[in-house]
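Coordinate analysis (summary)
Listed here are the chains, written in short residue letters.
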Amino acid sequence: MADTGIESVLSENRVFDPPAPEAVGAPRWLISSMDEYRAMHERSLRDPEGFWGEIARELHWFQPFERVLEFNPPDARWFIGGRTNLCYNCCDRQVDAGLGDQTAIVWEGEPVGADGPEIRRLTYRDLTLETARLANALKSLGVRKGDVVTIYMGMVPELAIACLACARIGAVHSVIFGGFSAGAIVDRVLDADSRVILTCDGAWRRGSVVPLKDNVDAACKTLAEQGHEVSHVLTLRRCNNEIAWHDGRDHDWHEMTRNAGDECPCEPMDSEDMLFLLYTSGSTGKPKGIRHTTAGYMVYTYTTSRYVFNLIPDADQVFWCTADIGWITGHSYIIYGILPNRVPTLMYEGAPNHPAPDRFWEIVERHRVTQFYTAPTAIRAFMKWGDEHPARHDLTSLQVLGTVGEPINPEAWMWYRKHIGRDRCPIVDTWWQTETGGHMITPLPGATPTKPGSCTLPFFGIDAAICDDEGNELPNGSGGLLAIRSPWPSMLRGIHGDRERFIETYWSRFKVEDPRYPSPSSPSPWYFPGDGAKRDSDGYFWIMGRVDDVINVSGHRLGTMEVESALVSHEAVVEAAVVGMPHEIKGTGIAAFCTLSPDHTPDGTEAAEALKDALRAHVASEIGAIAKPDQIRFTDALPKTRSGKIMRRLLRSIAAGEQEVNQDTTTLEDYSVLAKLRESDEG
Ligand code: PRX
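Residues numbered from 1 in each chain as written. Predicted model: local features only at pLDDT ≥ 70, side-chain atom pairs only at ≥ 80, totals over all residues. Heavy atoms only, no water.

Considering the environment of Thr-370
Residue placement: Thr-370 occurs in the loop between α12 (359–367) and β18 (371–374). Residue class for Thr-370 comes out buried when judged on its relative accessible area of 4%. Sequence-wise, Thr-370 and Trp-488 are 118 residues apart; in three dimensions their C-alpha atoms are separated by 28 Å. Each residue touching Thr-370, except ones within four places of it in the same chain, is listed here: Asp-316, Gln-317, Val-318, Phe-319, Ser-397, Leu-398, Gln-399 and Val-400. A polar contact is formed between the side chain of Thr-370 and the backbone nitrogen of Val-318, at a distance of 2.7 Å. Within the local environment of Thr-370, its side chain forms a polar contact with the side chain of Gln-371, the two groups lying 2.6 Å apart. (Helix = DSSP H or I, 4+ residues; strand = E, 2+ residues; numbered from the N terminus. Buried < 20%, exposed > 50% of the residue type's maximum accessible area, 1.4 Å probe, protein only. Contact = heavy atoms within 4.5 Å. Polar contact = N/O pair within 3.5 Å; in protein donor to acceptor, adjacent residues only side chain to side chain.)

Concerning the pairing of strand β11 (residues 232–236)
The buried fraction of β11 amounts to 5 of the 5 residues, a majority that puts the element mostly inside the structure. On β11, burial covers both faces: His-232, Leu-234 and Leu-236 on one face and Val-233 and Thr-235 on the other are all buried. Pairing of β11 with strand β12 (residues 250–252), which is carried by 3 bridges, proceeds in the parallel orientation. Bridging across to β12, Thr-235 finds its partner in Asp-252. (Pairing = 2+ DSSP bridges.)

Description of the sheet that holds strand β19 (residues 400–404)
Taken in spatial order, the 7 strands make up an open sheet running β5-β4-β17-β16-β18-β19-β20, and their pairing is mixed. Edge positions in the sheet fall to β5 (116–123) and β20 (427–430), since each has one partner strand and no second. Each adjacent strand pair in this sheet contributes to an overall mean axis angle of 20°, direction not counted. With 7 bridges connecting them, strand β4 (residues 103–113) and β5 associate as antiparallel partners. Looking across to β5, one finds that Thr-103 is bridged to Thr-123. Relative to the sheet, helix α6 (residues 157–169) contacts β4, β5 and β17 (345–348), its axis offset from that of β5 by approximately 25°. Along the sheet, helix α10 (residues 294–309) contacts β16 (319–321), β18, β19 and β20; its crossing angle with β20, the most-contacted strand, is approximately 145°. (Axes fitted to C-alpha atoms, helices over the stretch in contact; angles between N-to-C directions.)

Here's the deal with the site of the ligand
Taken together, 17 residues sit near the ligand, with Asp-429, Thr-430, Thr-434, Arg-546 and Arg-557 positioned nearest. Between an oxygen atom of the ligand and a side-chain N or O atom of Arg-546, the distance comes to 2.9 Å. Arg-557 has a polar side-chain atom sitting 2.8 Å from an oxygen atom of the ligand. Protein chains shield 96% of the accessible area of the ligand, which is 540 Å² for the free molecule. Of all the secondary-structure elements, those providing two or more residues to the shell around the ligand are α11 (328–336), β20 and β25 (541–546). (Near = heavy atom within 4 Å. Areas by Shrake-Rupley, 256 points an atom, 1.4 Å probe, with all protein chains shown as cover.)

A few points about the sheet that holds strand β29 (residues 587–596)
Spatially, 3 strands are ordered β28-β29-β30 in an open sheet, and the strand pairing comes out mixed. Since the sheet does not close on itself, it has two edges, and those belong to β28 (573–583) and β30 (631–634), each with one partner. Each adjacent strand pair in this sheet contributes to an overall mean axis angle of 20°, direction not counted. The sheet contact formed by β28 and β29 spans 10 bridges and is antiparallel. Across the sheet, residue Val-578 finds its bridge partner in β29, namely Ala-592.

Describing the packing of helix α4 (residues 86–96) against helix α5 (residues 124–140)
With their axes 8 Å apart at the nearest point, α4 and α5 run at an angle of 125° to one another. Looking at the two axes, α4 sits oblique to α5. Classified by chirality, the crossing of α5 by α4 is left-handed. Facing Cys-87, Cys-90, Cys-91, Asp-92, Gln-94 and Val-95 of α4, the residues of α5 in contact are Tyr-124, Arg-125, Leu-127, Thr-128 and Thr-131. (Parallel < 35°, antiparallel > 145°, perpendicular 65-115°, else oblique. Left-handed = near helix turned anticlockwise from the far one by under 90°.)

Some words on the environment of Gly-261
Assignment of secondary structure puts Gly-261 in the loop between α9 (253–258) and β13 (269–270). In the structure, Gly-261 is positioned 306 residues away from Leu-567 in sequence and 48 Å away in space, judged by C-alpha atoms.

Here's the deal with the environment of Pro-449
Looking at the element boundaries, Pro-449 is found in the loop between β20 and β21 (464–467). Ignoring any residue separated from it by four or fewer positions in sequence, one finds Pro-449 in contact with Val-15, Phe-16, Asp-17, Pro-18, Met-34, Thr-456 and Tyr-540.

Description of the packing of aromatic side chains
Per the counting criterion, the structure on display carries 43 aromatic pairs. Here the aromatic rings of Phe-177 and Trp-327 are separated by 4.7 Å at their centres, their planes lie at 35°, and the arrangement is tilted. Here Phe-177 is found in the loop between β7 (172–175) and α7 (182–192), whereas its partner Trp-327 is found in the loop between β16 and α11, with 150 residues between them in sequence. With respect to class, Phe-177 is no different from Trp-327; both count as buried. Aromatic pair Trp-320 and Phe-360: ring centres 4.8 Å apart, planes at 65°, arrangement edge-to-face. One end of the pair, Trp-320, is in strand β16; the other, Phe-360, is in helix α12, and 40 residues separate them in sequence. One exposure class covers both Trp-320 and Phe-360, and it is buried. Ring-pair connections join several aromatic residues into one group, and the members of that group are Trp-320, Tyr-348, Phe-360, Trp-361, Phe-372, Phe-382, Trp-385 and Tyr-416. The aromatic ring of Tyr-540 is capped on one face by Lys-451, whose charged end is 4.5 Å from the ring centroid. (Phe/Tyr/Trp six-rings, centres within 6.5 Å; stacked < 30°, edge-to-face > 60°. Lys NZ or Arg CZ within 6 Å of the ring centre and 35° of its normal.)

Right, here's the structure in full:
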């Protein structure tokens, strides 16, 4: 494995056994011992059809499936011949069972008035009614089964309603994170050939209004210039900020839904009909539209939600995932996995430190949150803000804590355990991806002894291993490539419009033949997630990070290429190379090395600083604030190999401030470049 350059420096020996359920106030653990986990895991691999078929039958089907699985690498079909509807399973099913008055969504707005924040509670009946009305409104705009509806909204209940309404009528949703810019909307709308956009006038974020509708207007203008007409924009009033209005194209959400009928039957969807597209970054080119289909995604997110968070209906639980619905975490663990489990899902609109750094803990206390799911980057911010903020609040309702998005450093893990879990709650560090749809490697809170920094063991149905390129399993302790060696229900079904990239990215890395699957080595029957990892002597998995040019900033994926393209689209920049660098809060920060055009070379430090600010602003407007480089250096040339490839490893060491570049530089074209780069200003 010398060529992957994966080396793990972590060594962590602490082990925490799961507490008794009484110790955290849980009625029971659904899986309560390692023996139980092992037996179920073993069965799920030996008999996936039996295992998943049984679970799937707990949900509602308009027509039962005939077969559970058919896998012709890289194409899997799950629950073949079945017809179901995910919106039905989230909403109507509970109403039909006589449970329509139970709370489905608890929502808290960001602004805090004299009487406290605005709080809304929606029952399953409310949710059924609201999704039906919006679905009828969409139909009246001409939206049909299979059409892609773009959703660009703040974290209001209507965002969840929008997704569910699409699912109800079989429209495919493509949610764009509200922190992205107009440029990001343009790329995604074009790629998906979407004609309808749902948005808000604005979104509250840390006390100010993000002008979502303005961004949509700007995107529509660019799209029109490129020959793509957006036919309808439906706008929800939330912040009452001033917005422009385009008669004919623009519609008011409240008006349209008020006039829409209350009845809208759920479309019986084929198991493999598309549910949504979600764009995520890759190492090359534009973001890719990851395709998820209906039944497999439904069954897998339902199952992982249940076992990983120990969800038990009628037990006064309140589940809170702090992610935005614009990311896969929000899709799977605010909406689709949680609602069918009949435990209320909490949505919070705004920032964790508005109006004060204890906002999250106030919410936990106010709503008696039992499961809390967040990202390591947030935990590191909490640590920095100070222990006194959580200490002021009653957090005894908490039963299970979760993390997701990036490797969690043991220090943050220990802080989470002590200051939020008060040394009682188990922590589930869940490894997964946009592409996997749901948790893949994760502890089960009542069964798995945990180690700070390890995502522990594979979930049911997941055959994970550490391999080399030929698929040879590596001994415990050595770093290698993470491989998933068998299909699972919520696996991605493709990259929208790019079959080749789908095969190349995920199904080409391992040169293996697997007797379980018909086709020989290409495409590979094993899935390659793009992460490096190792296992320890207990077989626990430790994720070491991406092995491609994807960086993970604050738990969100960015392709270095995307940031590079944004930089070179600025007139001053001729060439740019972007790499990740260690960052105290974000985990990974962004370092950019730019060569400038002679006409724009700044004169003096002040001009250089001004240009760096301008470049940061430019990247923010092209992609979104999340992609702003933390460090920009101007340089005469970038270090390249003789074949012209930028030597990223080298740039990474420089960005990390390593004194000696202790890497092989024999292929470097121009040694002097290296010295110059080191001298180049950082900032
Ligand atoms: O590198 C892994 C990291 O995040 C990547 C997936 O990013 P994305 O599709 O944006 O999904 C994030 C939320 C599911 C993975 O390839 N990652 C995610 N969770 C973990 C993680 N790395 C280590 N530990 C985790 N728990």
